[in-house]
Amino acid sequence: MIRLVGVHKRFFPGDNSEVYALRGIDLQVAEGDFVTLIGTNGSGKSTLLNAIAGSFFPDRGTITVAGDDVTKRPDYWRARYIARVFQNPFSGTAPDLTVAENLRLAELRGKPRHPWGGLGRSSRARYGDEVKRLEMQLEDRLDATIGTLSGGQRQALTLLMAVMADPKVLLLDEHTAALDPKSAAQVAKLTVAFVRERKLTAVMVTHSMEQALELGNRTVMMVLGSIVEDLVEQERRRLTPDDLVEKFADLRKVERLTPELREVLRAEYR
Amino acid sequence: MELWIGALNLGLLYAFLALGTFVTYRIQNLADVTVDGSFTLGAALAAILLVLGVHPLLATAAAVVGGALAGAVTAFLHTRFRINALLAGILVMTALYSVNLHVMGRANIPLLQTKTVFTIIERSVPVLRPELRLAVVLSSVVLAYWAFASAFLRTDFGLSLRGAGNNPVMAAAGGVNVNRMVLFSVALGNGHAALTGALVAQYQGFADVSMGVGTVVLGMASVILGESLARTPNVFVRLLGVIVGAIIFRFLVALALFVGLNPVDLKLLTAGFVLATLVASGKLPSLSSLSSRWPRGRWAAAGVLGLAGIALAVWAFRPKHEARVPLVGIVQYNDNPVLDRTREAFLEEMGRLGYRDGVNVQWMVHNAQGDTPTLRSIVDAFARRRPDLVLTISTPATQAALGRLKDCPIVFATIASPFIIQAGQSDTDHLPNVTGTYGAVPMDKMVEVVQRLLPRARRLGTMWDPSATNSAVNAEQFIAAAKAAGLTVEATHVTTVTEVQQATEALAQKNIDAIVLVPDNLVFSGLDAVLKVTKPRKLPLVISDQERMEAGALAAIGHDYALSGIQAARIAHRILQGESPKDIPFEPYRNLMIRLNAPVAKELGVIIAPDLQAEADRSAQQVAAYLEEARRTSIKPRRVAVFSFSDSVVLADSERGLLDELRDQGWSDREHLTIDIKNAQGDFATANAIAEDIVRLRYDFIITISTIALQTTAKANRSIPHVFGTVTDPLRAGIGTSFTSHQSNLTGLATMQPVRTTVRVIRELFPKAKRIGILWNPSEASSEVCTFAARVACKEYGFELVELHVSASGELVDAVHAMLKKDIDVFFTSGDVTVSMGVDTVAALLARHNIPYVTNAPSDVDHGAFMGLGANYYDVGRVTGKLAKRVMGGARPEAIAIESYTPEQVALNLRVAQQIGVVLSSEFVAKASKVVR
Ligand SMILES: Nc1ncnc2c1ncn2[C@@H]1O[C@H](COP(=O)(O)OP(=O)(O)OP(=O)(O)O)[C@@H](O)[C@H]1O
Ligand SMILES: [Mg+2]
């Protein structure tokens, strides 16, 4: 479903603030795969998702999605295949539009947006049902602007919006990180349910080792713009979150971590 | 009223701009400065196409397309090259300035004689008054457009547009091509701005290359204002708010004008007002460091206080002549024709005395409709509003006023006797705040006329309302007079109008020979009922109201109450001028009228004695003569507006000449002329506002100085006589097709710069010179005219004219350097404002290179020019004044041809001449009116 071959990306090339964010990424994600992506801060996870979604074009390498070479396609073109949920609950919705309007926008993914036709009564009824599933008390608030919703409500809604028009690929970037534990659990639950029901291919960035192992069927670890581990099947099943932290620690040399930072890592990835 | 409807209409035109701004500013969060240029582009395209004969709707549509393209360019620069939107807007706006000039081909295109969308509306909707009609049509169009636009924003496309602006990251991730949406939005915004530009040009009657300045702020102000009215996600309501915002904005401007605020302060007020709205609606970008110490509430309070301070200062320093206009209350008892006639004559005479409602007097006209409690509340209302004077018509009204208004001057009219209501003891000894004009119908005269008409009459019937003091007195006197003449009187009372018919029937039963009616408001209100009884019975009716004789009375003895109104008006005028009512004696009416109804007489078989007829005719002649005299001797103060565009040297000279001419030997005082001087300080919008204000205030004459003053005024006014001066080419300004065929209410002077003479003199002074360099700003209409003239003259005198353009005074030095490279022999500028701003610099540069600098402004020699050969604008002002005097003396502007008048004068700077090595003959120097040595 997703195939990256030799993808490189440098930001500010030649500048002394140059960042070599992706260093030759080769990755194949099969249809129906649910990949969890872990890695230290700044290791390039978000950049990888951005490269797939088309926020920028890679310096080298090719990206294929659903059999189409999309390397030179802009983000809005790729949106017909790819849906995204961002870490920031503010990023995924239009705050001044109403819940119903946002849903309508989401529903139009990959379809023409005509200056006729619009939000009809039947679609509103449908939105009511869909929103009810989120269990976020949104069913009576279809006409409220997004700006008046809580972060958890927004993120759940963003998730619904992402899957609404049946994309092929779902990219999730720490989408539960900014939520309170209860909302985070609910959004995670919904994520699993949606991916399963709609048979989506998903890539999810997370900083929670538990989540990384619990959700999905494959875990990819990134360090310094490269993929260093790709865990599947039994190997993955055998691992505990602590093992994962150990793995990070083993990469100390590569990342030139100081011993103190190891403790920081432990704390962070618990 | 016109002011407000005018404001509404302009607001409706600006609503399109506001809607466009909503799209860029609110939907896309872009402050788009391009609109300053695209507004003008719209005006320019529409104007040039209209002049070429294109259908107005098509021309307007083309303007919209042009504006949209301009917006698309800005959006392209912004999205494609990632240039900051504000900067991209500034770039395109700057470029548009040149584009607009190219489109128009000159700085200003008049549209006075051209068919426009507004003339189409005028012709196709032939109901209502023109402004009102326009308001109705425009409101419907804007409302329809509002519905369409709101619906559009709710379609899938509209939703994507809003989504893209609201959260571009999310929109892109959802498949929206955000760049394309930005492009579309900015094009849409500028298309709307161009639409408003095109419409405003057609509305005001001309397009000018600098008319778009400040459009951005106007649009944003409307949007911000509209949003502060409607805070809701509903686009229908939001767009309506924006439209209302645009209208309210125009109303505020009108209000500022209405309260007499100096137009110069309008811009300041606009800025303050936008700021206040921003602060109040909390949309101010948070100044984190400041806002922690100063919460928003405090900011808002400070803003409001500051504004209040400004308003107070403006109010405190307002010009003295804008003082409160006198408030005059008029109250009459009922709708009796006598009272109506008094009131109308009063108002008419006040008009002749120069009083204009809402301008130098404010009327409060009330009618108690015969109801005494109403009368009291009217007087109470007067007491609250403290009028400068109250006119009371009829005895009850006067009585009510006397009791309540003790300090306010009261002038009464059409009352029988002020003495019986205790307004005084005699004509000169009376209440200090009361005076007026009165007169009873002499009852002995009435009896005498009855006897001469009906010698055989023995019994007379009469009736009156006993509750009316005056009537009772009249009736008493009548009965006494009748008795003295040996007649008996059958009398009856009436207390309501409905009783009149019955009372008349009762009288008729009593075997009477005639009915005689003494002055009584109630009975005369029921006069028709009286006639219904007397006519079939052939009962002669003699009345005391000469106005009503035609209704079927045999004779009437009474006053012409028009005279009463006129006399009252003159007394009122004296009081308003400062005299105390105490010192003005009561004035009895002088002219009693006897009127005889020949047809009725014939019907009744009554023979009118010739001597009685002669007396009646004499009385009528006397009244007619008095009225005629009144009309002739009325003082007619007249108001003239002198309107100049700016304070530039030329215009100031001209204005001085004009005023000197008008005030010469006290002429304006003798003519009772009030001269109001208005100056637009070089600002376009202000010029428009002043022109509209002049029309609203119904000046008797208008004199304009400068082309823009002429153009704005000629458009706004087609009836008030108007004389213009200091205009280079009035035909290019669009007020006519030739000097003899021009807009009918105006005439004036055309003053060309003496370009041809100048070129000739250059030829005489420099026989070997080959090339003349000229620097000019193509956006100045008059500079353009001069350059054309120079091209012709140079050809004639064998020069090559080297032209270079400048568009700002900052470019002058470079331009002169460029010119020096072109091997010129003489440098010339003609009435170009841009160049004249840097005259010293230019002159110094040229002197250093030994190039003679010749201009068309004599004053330039003081600034180092070698020679200034130009019009004497003081003189031009003087001659404009002479022309104005002719028109004010009654000449019709239509019949006066526009005159070409250029009083030439030469000024020389001999110091510069010596420096650059030019030798001048002594005769030539002697001819100069001014020489700098
Ligand atoms: N648009 C960009 N412009 C410049 N530098 C960027 C950009 N996006 C990412 N980077 C840089 O690339 C590197 C990788 O960043 P990235 O956001 O992909 O890390 P991450 O793995 O998602 O980290 P985190 O766990 O903190 O989210 C960082 O050094 C970052 O500063
Ligand atoms: Mg990240």
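Note that the coordinates shown come from a computational prediction; the quantities given were computed from them, not determined experimentally.

Rules behind the numbers
- Residues numbered from 1 in each chain as written.
- Chains lettered and ligands numbered in written order.
- Predicted model: local features only at pLDDT ≥ 70, side-chain atom pairs only at ≥ 80, totals over all residues.
- Heavy atoms only, no water.
- Helix = DSSP H or I, 4+ residues; strand = E, 2+ residues; numbered from the N terminus.
- Buried < 20%, exposed > 50% of the residue type's maximum accessible area, 1.4 Å probe, protein only.
- Contact = heavy atoms within 4.5 Å.
- Areas by Shrake-Rupley, 256 points an atom, 1.4 Å probe, with all protein chains shown as cover.
- Arc of directions from axis to C-beta.
- Near = heavy atom within 4 Å.
- Polar contact = N/O pair within 3.5 Å; in protein donor to acceptor, adjacent residues only side chain to side chain.
- Nonpolar A, V, L, I, M, F, W, Y, C, P; charged D, E, K, R; others polar.
- Axes fitted to C-alpha atoms, helices over the stretch in contact; angles between N-to-C directions.
- Parallel < 35°, antiparallel > 145°, perpendicular 65-115°, else oblique.
- Left-handed = near helix turned anticlockwise from the far one by under 90°.
- Pairing = 2+ DSSP bridges.
- Buried area = accessible area lost by both parts, 1.4 Å probe.
- Salt bridge = Lys/Arg side-chain N within 4 Å of Asp/Glu carboxyl O.
- Phe/Tyr/Trp six-rings, centres within 6.5 Å; stacked < 30°, edge-to-face > 60°.
- Lys NZ or Arg CZ within 6 Å of the ring centre and 35° of its normal.

**Q** Just to check I follow, could you spell out the overall build of chain A for this structure?
**A** From N to C terminus, chain A includes 11 helices and 10 strands. Burial analysis of chain A (270 residues in total) assigns 52% to the buried set. When contacts within chain A are restricted to residue pairs at least 6 apart in sequence, those whose partners lie at least 24 apart make up 67%. Roughly 12400 Å² of accessible area belongs to chain A as shown, and the carbon and sulfur atoms make up 49% of that amount.

**Q** Can you help me understand the overall build of chain B in this one?
**A** Regarding its fold elements, chain B presents 37 helices and 27 strands. Burial analysis of chain B (933 residues in total) assigns 56% to the buried set. A sequence separation of at least 24 residues applies to 73% of the contacts in chain B between residues at least 6 apart. Carbon and sulfur atoms make up 58% of the accessible area of chain B, which amounts to about 39000 Å² in all.

**Q** It is not clear to me how helix α5 (residues 117–124) of chain B should be interpreted in this structure. Could you clarify?
**A** Because the α-helix completes a turn every 3.6 residues, residues three or four places apart line up on one side. Buried within α5(B) we find B:Val117, B:Phe118 and B:Ile121. Axial view of α5(B): buried residues confined to an arc of 100°, hence all on one face.

**Q** Just checking my understanding: could you explain the site of ligand 1 for this structure?
**A** All names here are of chain A. Around ligand 1 lies a shell of 14 residues, among which Asn 41, Gly 42, Lys 45, Ser 46 and Thr 47 are the nearest. Lys 45 is positioned with one of its side-chain polar atoms (N or O) 2.7 Å from an oxygen atom of ligand 1. Between ligand 1 and the protein, one listed contact pairs an oxygen atom with a side-chain N or O atom of His 207 at 3.0 Å. Here ligand 1 has 630 Å² of accessible area as a free molecule, and 64% of this is covered by the chains. If you list the elements that add at least two residues to the shell around ligand 1, you get β2 (19–29) and α1 (45–53). When residues of the shell around ligand 1 are assigned to their parent elements, the largest contribution, three residues, is made by α1. Residue composition of the shell around ligand 1, by class: four nonpolar, eight polar and two charged.

**Q** Just checking my understanding: could you explain the packing of helix α2 (residues 34–51) of chain B against helix α9 (residues 178–204) of chain B for this structure?
**A** When two helices pack together, their arrangement is given by the angle between the helix axes and by the axis-to-axis distance. Residue and element names in this part refer to chain B. The interhelical angle for the contact between α2 and α9, taken along N-to-C directions, is 50°, at an axis separation of 7 Å. It follows from the interaxial angle that α2 and α9 lie oblique. In this structure, α2 crosses over α9, and the sense of that crossing is right-handed. Together, Thr 34, Val 35, Ser 38, Phe 39, Gly 42, Ala 43, Ala 46 and Leu 50 of α2 and Gly 189, Asn 190, Ala 193, Ala 194, Thr 196, Gly 197, Ala 198, Val 200, Ala 201 and Gln 202 of α9 make up the contact between the two elements. Looking at the contact of α2 with α9 residue by residue, the classes come out as 10 nonpolar, eight polar and no charged.

**Q** Is there a simple way to think about the sheet that holds strand β4 (residues 60–65) of chain A in this case?
**A** Two strands in a sheet stick together by hydrogen bonds in their backbones, pointing the same way (parallel) or opposite ways (antiparallel). All names here are of chain A. Here we have four strands laid out as an open sheet, ordered β2-β1-β4-β5, and antiparallel in their pairing. Of all the strands in the sheet, the pair left with one neighbour each is β2 and β5 (68–69). As defined by bridge partners, β4 adjoins β5 across two bridges and the pair is classed as antiparallel. What sits directly across from Val 65, in β5, is Asp 68. Packing against the sheet, α1 makes contact with β1 (2–11), β2 and β4, and its axis sits at approximately 65° to β2.

**Q** Could you clarify how one ought to interpret the interface of chain A and chain B in this entry?
**A** The figure often quoted for interface size is the accessible area lost as the parts come together. Every contact between the two is made by 30 residues of chain A and, on the other side, 20 residues of chain B. Carbon and sulfur atoms supply 59% of the area buried between chain A and chain B, which totals about 2000 Å² over both sides. Sorting the residues of chain A by area buried against chain B places A:Tyr76, A:Leu105 and A:Arg113 first, and these three jointly supply 29% of that buried surface. The interface formed by chain A and chain B includes two salt bridges.

**Q** Help me understand the packing of aromatic side chains, please; the structure alone is not making it clear to me.
**A** Aromatic rings considered in pairs are described by the distance between their centres and by the relative angle of their planes. Enumeration according to the criterion identifies 19 aromatic pairs over all chains in this entry. Judged by centre distance (5.4 Å) and plane angle (65°), the ring pair of B:Phe16 and B:Tyr145 falls under edge-to-face. A residue pair is termed long-range when its members are at least 10 positions apart, and B:Phe16 in helix α1 (residues 2–27) and B:Tyr145 in helix α6 (residues 130–153) qualify at 129 residues. In this structure B:Tyr145 comes out as partly exposed when scored by relative accessible area, which is 25%. Both rings, one in B:Phe152 and one in B:Phe184, keep their centres 6.5 Å apart while their planes meet at 35°; by these two values the pair is tilted. Linking B:Phe152 in helix α6 with B:Phe184 in helix α9, this pair joins segments that are 32 residues apart in sequence. Seen from the ring of A:Trp77, A:Arg80 lies directly overhead, with NZ or CZ sitting 4.0 Å from the centre.

**Q** I'm lost on the pattern of salt bridges in this one. Help?
**A** Pairs can form between side chains of opposite charge once their charged atoms are near each other. Evaluated as defined, the whole model comprises 41 salt bridges over all chains. With a shortest N-O distance of 2.7 Å, B:Asp156 and A:Arg104 are connected by a salt bridge. Taken together, the residues B:Asp156 in helix α7 (residues 156–166) and A:Arg104 in helix α3 (residues 99–107) connect one chain to another. On the basis of relative accessible area, A:Arg104 is assigned to the buried category, the value being 13%. Connected through salt bridges with shared partners, the residues B:Lys445, B:Glu448, B:Arg452, B:Asp611 and B:Glu615 form a single ionic network.

**Q** Quick question: what am I supposed to make of the sheet that holds strand β6 (residues 410–415) of chain B here?
**A** Residue and element names in this part refer to chain B. The strand order across the open sheet built from six strands is β4-β3-β5-β6-β7-β13, with neighbouring strands paired in parallel fashion. Strands with a single pairing partner mark the edges of an open sheet, and in this sheet they are β4 (362–367) and β13 (587–588). Where strand β3 (residues 327–332) lies against strand β5 (residues 389–393), five bridges are found, and the strand directions are parallel. Of the residues in β5, the one forming a bridge with Val 331 is Thr 392. Sitting on the sheet, helix α15 (residues 337–352) touches β3, β4, β5 and β6, and the angle it makes with β3 is about 160°. Each of β3, β5, β6 and β7 (434–438) touches helix α17 (residues 395–404); the most contacted strand, β6, lies at about 155° to it.

That's the geometry; what it means functionally is another story.
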